[in-house]
Amino acid sequence: MSNFMLQNAAALFRATFGVAPLAAASAPGRVNLLGEHTDYNGGPVLPIAIEARTVVAAGPADEGVLELVSTRDGQPQRIDYRSDRITGSGAYLAGVLRELAAQRAGPPTGGARVAVASDVPIGAGLASSAALTVAAARALDLLGGGRLTARQLAGVAFRAEHDHVGVRCGIMDQMSAALARAGCALFLECASLASRHVPARGRMLLVDTGVRHELAAGALNARRAECEAAVERLRLELPELRWLASWPAGWLLRLKRSLPEPLRSRALHVVGETARTRFGAQLLARGYVKRFGLLLFESHESCRRLYECSAPELDLVVAAARRAGALGARLTGAGWGGAVLVLLPRGKTVEAKVVRHIRRAFTVAYAREPAISSVRASGGVRREPVR
Ligand code: GLA
């Protein structure tokens, strides 16, 4: 992130509210390397934070009031953040304020002014909402003295999105935005919340298909309901089963016999992806990048066939990357659109070939270019200077 964005947020704050912000913080988007739709099933994930970030500059306002402005539209809003009828980014920020109040943290006046600047694309599967809520949680907590730990900030951000906005997401995005470390992937077991940092090796590209599915939140909620229905039925076989991801990998036959479609396919994805992610984290830690890459292809196939969360544009990019010699490629994030992560082999020539192939295949099929950028694992939430 450049200083430019920080200056943008602070300048917008001053221009809108006529005073300087008292605190600022930034948090990153994320790319998930492996472990898709496992978090809300109690399984592991392996995200890295990307360089794109959201900056929130904050100051106090009157009790119950949220004054909000963003560089995306420049239109200031004034909201009673305790009311139920808030939509858009205001709903996320209102959720953060309510959660902070429940923790007795946040602005001592009980209200806040917030200016937001971001270069995390919205709807690309890069967790733009977690970048916003985690950055906001930090900036607003700083107004009250900055008492919360990174994990507590992730909790505030998670409940803001899950309980207040009503997206039945898992904890991955918020934990990544809060805990990520530069140069590393975050291996997180979502049932216990145990985590460790794993060196992120290999060169990576992000190919944004530009397909935006407003439906993603609805589809995510629907998948989650299917997973819960699967757990309920599997409990007849294994009464102590709490999470779908805890189903024993050696009992696949029993799982298949116990579940009708589509619950069977959803459960097979979650159990397979759980094993892949734990194995993948070990491979990555030991530097076996090639074998790690194969797991990415497998994961994509499982998302496509079993979890049915892919899209033709994503499949095309993965296939083109594979043909051109990429070590691995898969959709990243919820799916149904968004971006593909590509793991590159060493060498400039083959890298250029992969990019060329993807670009050509995509342009021929869809008569437009996908946005291709390189990915570097960056750090999590941080306080930013206000002047
Ligand atoms: C969305 C959710 C995450 C996770 C992914 C799928 O990004 O916010 O919690 O469930 O989908 O892995």
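Treat the numbers as computed from the prediction; the structure is a model and nothing was measured.

### Focus on the side chain of glutamate 226
Consideration 1: Structurally, glutamate 226 is set in helix α6 (residues 216–234).
Consideration 2: Those residues in contact with glutamate 226, other than ones at most four positions away along the chain, are Pro262, Leu263 and Arg266.

### Some words on the nonpolar core
Consideration 1: Membership of the largest hydrophobic core comes to 95 residues, with the highest contact counts inside it found for Val114, Leu140 and Val342.
Consideration 2: Per-element tally for this core: the top contributor is helix α3 (residues 128–143), with nine residues.
Consideration 3: Dropping the residues within four chain positions of it, valine 114 is found in contact with Phe13, Phe17, Val56, Ala57, Leu66, Glu67, Leu68, Val69, Leu93 and Leu140.

### Section: the pairing of strand β1 (residues 23–32)
Consecutive side chains along a regular strand alternate between the two faces of the sheet.
Consideration 1: In terms of burial, β1 is largely enclosed, as ten of its ten residues are buried.
Consideration 2: Judged from the nine bridges that link them, β1 and strand β3 (residues 47–61) form a sheet pairing that is antiparallel. Directly across from alanine 25, in β3, lies its bridge partner valine 56.
Consideration 3: The pairing of β1 with strand β13 (residues 382–384) spans three bridges and is antiparallel.

### Brief notes about the sheet that holds strand β11 (residues 339–344)
Consideration 1: Here we have four strands laid out as an open sheet, ordered β10-β11-β9-β12, and antiparallel in their pairing. A strand with exactly one partner marks an edge of an open sheet, and here the two such strands are β10 (328–332) and β12 (371–375). Sheet twist, expressed as the mean angle between neighbouring strand axes with direction ignored, is 25 degrees.

### Digging into the site of the ligand
Consideration 1: Taken together, Arg30, Glu36, His37, Asp39, Tyr40, Cys169, Gly170, Met172, Asp173 and Ala334 make up all the residues around the ligand.
Consideration 2: Between the ligand and the protein, one listed contact pairs an oxygen atom with a side-chain N or O atom of glutamate 36 at 2.6 Å.
Consideration 3: Taking glycine 170, its main chain carries an N or O atom lying 2.8 Å from an oxygen atom of the ligand.
Consideration 4: Calculation on the ligand without its partners gives an accessible area of 310 Å², and the protein chains cover 94% of this total.
Consideration 5: Residues belonging to the shell around the ligand are distributed by class as follows: four nonpolar, two polar and four charged.

### Topic: empty space enclosed by the protein
Consideration 1: Counted by the stated rule, this structure contains one cavity of 30 Å³ or more.
Consideration 2: The calculated volume of the largest cavity comes to roughly 30 Å³.
Consideration 3: In terms of lining residues, the largest cavity is bounded by Leu33, Ala200, Arg201, Met204, Leu284, Phe292 and Leu343.
Consideration 4: Of the residues in the lining of the largest cavity, the class split is six nonpolar, no polar and one charged.

### Digging into helix α2 (residues 89–102)
Because the α-helix completes a turn every 3.6 residues, residues three or four places apart line up on one side.
Consideration 1: For α2, built from 14 residues, the straight-helix expectation of 20 Å at 1.5 Å per residue is met to within 8% by its first-to-last C-alpha distance of 20 Å.
Consideration 2: Burial runs high along α2: ten of the 14 residues are buried.
Consideration 3: Every buried residue of α2 is listed here: Gly90, Ala91, Tyr92, Leu93, Ala94, Gly95, Val96, Leu97, Glu99 and Leu100.
Consideration 4: Tucked into the core, α2 has its buried residues touching β4 (65–70), β5 (77–80), β6 (111–118), α3 and α4 (150–165).

### A look at the pattern of salt bridges
Pairing between side chains of opposite charge can happen when the charged atoms of each approach one another.
Consideration 1: Evaluation of the coordinates by the stated rule reveals 23 salt bridges.
Consideration 2: Glutamate 301 is the partner of arginine 304 in a salt bridge, and the nearest nitrogen-oxygen pair spans 2.6 Å. In this pair, arginine 304 and glutamate 301 are both assigned in helix α9 (residues 289–307), three residues apart and thus about one turn of the helix distant.
Consideration 3: Three or more residues are tied together by salt bridges with common partners; here these are Glu36, Glu273, Arg276, Glu298 and Arg330.

### A word on the packing of aromatic side chains
Consideration 1: Following the criterion strictly, the structure yields three aromatic pairs and no others.
Consideration 2: Note on tryptophan 247 and tryptophan 251: the rings are 5.6 Å apart at their centroids and 70 degrees apart in plane angle, and the pair reads as edge-to-face.
Consideration 3: When the centroid spacing of 5.0 Å and the interplanar angle of 55 degrees are considered together, the rings of phenylalanine 362 and tyrosine 366 count as tilted. Taken together, the residues phenylalanine 362 and tyrosine 366, both in helix α11 (residues 348–366) and four residues apart, mark about one turn of the helix.
Consideration 4: Judged by its relative accessible area of 0%, phenylalanine 362 is buried.

What counts and how
- Throughout this description, residue numbers start from 1 for each chain and increase along the sequence as written.
- Since the coordinates come from a predicted model, pLDDT governs what is reported: local features require at least 70, and pairs of side-chain atoms require 80 or more to be given and counted, while whole-chain, interface and lining totals use all residues.
- In computing side-chain properties, one takes all heavy atoms of the structure into account and sets aside hydrogens as well as water.
- Secondary structure elements are taken from DSSP: a helix is a run of H or I of four residues or more, a strand is a run of E of two residues or more, and numbering for both begins at the N terminus.
- Here, residues are in contact when the closest pair of their heavy atoms is within 4.5 Å.
- Only buried residues count toward a nonpolar core, which is a set of Ala, Val, Leu, Ile, Met, Phe, Trp, Tyr and Cys residues joined through side-chain atoms within 4.5 Å.
- The cut-offs for exposure are 20% and 50% of the maximum accessible area for each residue type, with area from a 1.4 Å probe on protein chains only; residues under the lower value are buried, those over the upper are exposed, and the others partly exposed.
- Here, strands pair whenever DSSP counts at least two bridges between them.
- Only the stretch in contact is used when fitting a helix axis, every axis being a line fitted to C-alpha atoms; angles between N-to-C directions are given from 0 to 180 degrees.
- We call a residue near a molecule or strand whenever a single non-hydrogen atom of that residue lies within 4 Å of it.
- Between N or O atoms, a polar contact is any pair within 3.5 Å; within protein, one atom must be a potential hydrogen donor and the other a potential acceptor, and residues adjacent in sequence are included only when both atoms are from side chains.
- Where accessible areas are quoted, they stem from the Shrake-Rupley method and a 1.4 Å probe; at the residue level, only the protein chains shown are allowed to cover.
- The nonpolar class holds Ala, Val, Leu, Ile, Met, Phe, Trp, Tyr, Cys and Pro. Asp, Glu, Lys and Arg form the charged class, and all remaining residues, Gly among them, are polar.
- In this analysis, the protein atoms alone were mapped onto a 1 Å grid. Cavities are point sets where a 1.4 Å probe fits without being able to get out; pockets are open sets with protein on both sides within 12 Å along at least five of seven lines; lining residues have an atom within 4 Å of a point.
- Grid points are joined across faces, edges and corners, and a volume is the space filled by probe spheres set on the points.
- In this analysis, the expected span of each helix is defined as 1.5 Å times one less than the number of residues it contains.
- We count a salt bridge whenever a side-chain nitrogen from Lys or Arg sits within 4 Å of a carboxyl oxygen from Asp or Glu.
- Any two of the Phe, Tyr and Trp rings considered here, Trp counted by its six-membered ring, make a pair once their centres fall within 6.5 Å; the pair's planes then place it as stacked at under 30 degrees, edge-to-face at over 60, or tilted in between.

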